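Examination of the molecular architecture
Here is what each chain is made of, one letter per residue.
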Amino acid sequence: MNILKNFILYLLNLIRNHIHQPKILNYLIGLDIKNAFDVGAHEGETLEYLQQIETIKKIYSFEPQIEIYNKILKKYNFNDRIILNNLALSNNCEEKIFFINALSSTSSFSLLNDNSLWLKIKNIILNEKNLIKDSITLRTSTIDNYVNENNINMIDLLKIDTEGHELEVLMGSMKTIKKNKVKYLLIELHTSKMYKNYSKTKIEEFLKKNNFILLKSFKFPFHTFVDNLYEYKGSNFL
């Protein structure tokens, strides 16, 4: 079973590094991005390609898992273009339960949906009865607070990949959005129903209501998620 697990994880990393991420990178290069937020940095998968964009001056990285954060700290601590934050972002500032999963990239504030077919398949692949291995209490903040506290004038690219917690992160950035401080949004959307109370439709409705238009969809091959790139058209956009 470990052979199957290792092969599938190897295959997914191969697709991510050589097919999926290069497609996103090639599109972003032409957008004149100077400041970027990487919300849900994990082990720096997005940082790897964002730092290749020469126009980007600063990348603000956010990763709540301390063990994972320490990994990217070792790798990027001396890169003056990258500002690393061991911080959980949400829709408010309070203590919340964060669930540590067997596959660290899927750890989240969201509970797993036991009725999800994709979750059942994942359990088989990973040889796990329950993907949740632990839980910790984290103090959350918001993009609005961070932007205000750090005097950030513009987020040219806001990337959000928080495993089912994307809508909450967006809600915590409303003031920043309304002040026209977000230009592009790159967000992961799920179709697997892996997380409880997750709704791809609600996220899309939120984005439409708040004047984001879809520029490009990047479907991950053989997987259940898509990375969608949106452009904000301003509060006066009709």
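So, here is what we can say about the structure in this document.

Reading the values: rules and limits
- Residues numbered from 1 in each chain as written.
- Predicted model: local features only at pLDDT ≥ 70, side-chain atom pairs only at ≥ 80, totals over all residues.
- Heavy atoms only, no water.
- Helix = DSSP H or I, 4+ residues; strand = E, 2+ residues; numbered from the N terminus.
- Rg over C-alpha atoms; globule rule 2.2 N^0.38 Å.
- Buried < 20%, exposed > 50% of the residue type's maximum accessible area, 1.4 Å probe, protein only.
- Contact = heavy atoms within 4.5 Å.
- Lys, Arg positive; Asp, Glu negative; His and termini not counted.
- Charge placed at Lys NZ, Arg CZ, Asp CG, Glu CD.
- Phe/Tyr/Trp six-rings, centres within 6.5 Å; stacked < 30°, edge-to-face > 60°.
- Salt bridge = Lys/Arg side-chain N within 4 Å of Asp/Glu carboxyl O.
- Pairing = 2+ DSSP bridges.
- Right-handed = clockwise from strand over helix to strand, strands pointing away.
- Arc of directions from axis to C-beta.

This brings us to the overall build of the protein. When you go through the protein residue by residue, the secondary structure sums to 8 helices and 10 strands. At 17 Å, the protein has a C-alpha radius of gyration in line with the 18 Å of a compact globule built from 238 residues. Projected onto its principal axes, the C-alpha coordinates of the protein cover approximately 50 × 35 × 30 Å. Going through the 238 residues of the protein one by one, you find that 50% of them count as buried. Considering only contacts in the protein between residues 6 or more positions apart, those separated by 24 or more positions represent 69%. Treating the 31 positive side-chain charges of the protein as one cloud and the 26 negative ones as another, the clouds have centres 4 Å apart.

To continue, consider the packing of aromatic side chains. Summed over all chains, the structure comprises 9 aromatic pairs. Here the aromatic rings of Tyr60 and Tyr146 are separated by 6.1 Å at their centres, their planes lie at 75 degrees, and the arrangement is edge-to-face. Of this pair, Tyr60 sits in strand S2 (residues 58–62) while Tyr146 is found in helix H5 (residues 143–149), placing the two residues 86 residues apart along the sequence. Grouping residues by exposure puts Tyr60 and Tyr146 together as buried. With a centroid separation of 5.1 Å and 45 degrees between ring planes, the pair formed by Phe212 and Tyr232 is classed as tilted. One end of the pair, Phe212, is in strand S9 (residues 212–219); the other, Tyr232, is in strand S10 (residues 225–232), with 20 residues separating them in the sequence. Each member of the pair, Phe212 as well as Tyr232, is classed as buried. Here a set of aromatic residues connected by ring pairs shows up, and it is made of Phe37, Tyr60, Phe62 and Tyr146.

For the rest of this paragraph, the subject is the pattern of salt bridges. This model, assessed by the stated rule, comprises 6 salt bridges. Its salt-bridge partner being Glu43, residue Lys71 comes within 3.2 Å of it at the nearest N-O pair. Here Lys71 is found in helix H3 (residues 66–76), whereas its partner Glu43 is found in the loop between strand S1 (35–39) and helix H2 (45–50), with 28 residues between them in sequence. Under the relative-accessibility criterion, Lys71 is labelled partly exposed at 46%. By relative accessible area, which is 33% here, Glu43 ends up partly exposed. Of the charged contacts, one joins Glu48 and Lys75 as a salt bridge, the two residues approaching to 2.3 Å between their closest N and O atoms.

Our next topic: the pairing of S1. Counting buried positions over the 5 residues of S1 gives 5, a clear majority of the element. Side-chain alternation along S1 places Asn35, Phe37 and Val39 on one buried face and Ala36 and Asp38 on a second face that is also buried. Pairing analysis gives 5 bridges linking S1 to S2, with the strands arranged parallel. From the neighbouring strand, Phe37 faces S2, where its bridge partner is Tyr60. Between the parallel pair S1 and S2, the chain is carried across by H2, and the sense of this crossover is right-handed.

Before going further, it helps to spend a moment on helix H8 (residues 200–209). Every buried residue belonging to H8 is among Ile203, Phe206 and Leu207, and all of these are buried. Take H8 and look down its axis: the buried residues cluster within an arc of 95 degrees, on one side only. Turned more than 90 degrees from where H8 packs its buried face, Lys208 and Lys209 sit exposed. Just beyond H8, the residue with positive phi is Asn211, at close to 70 degrees.

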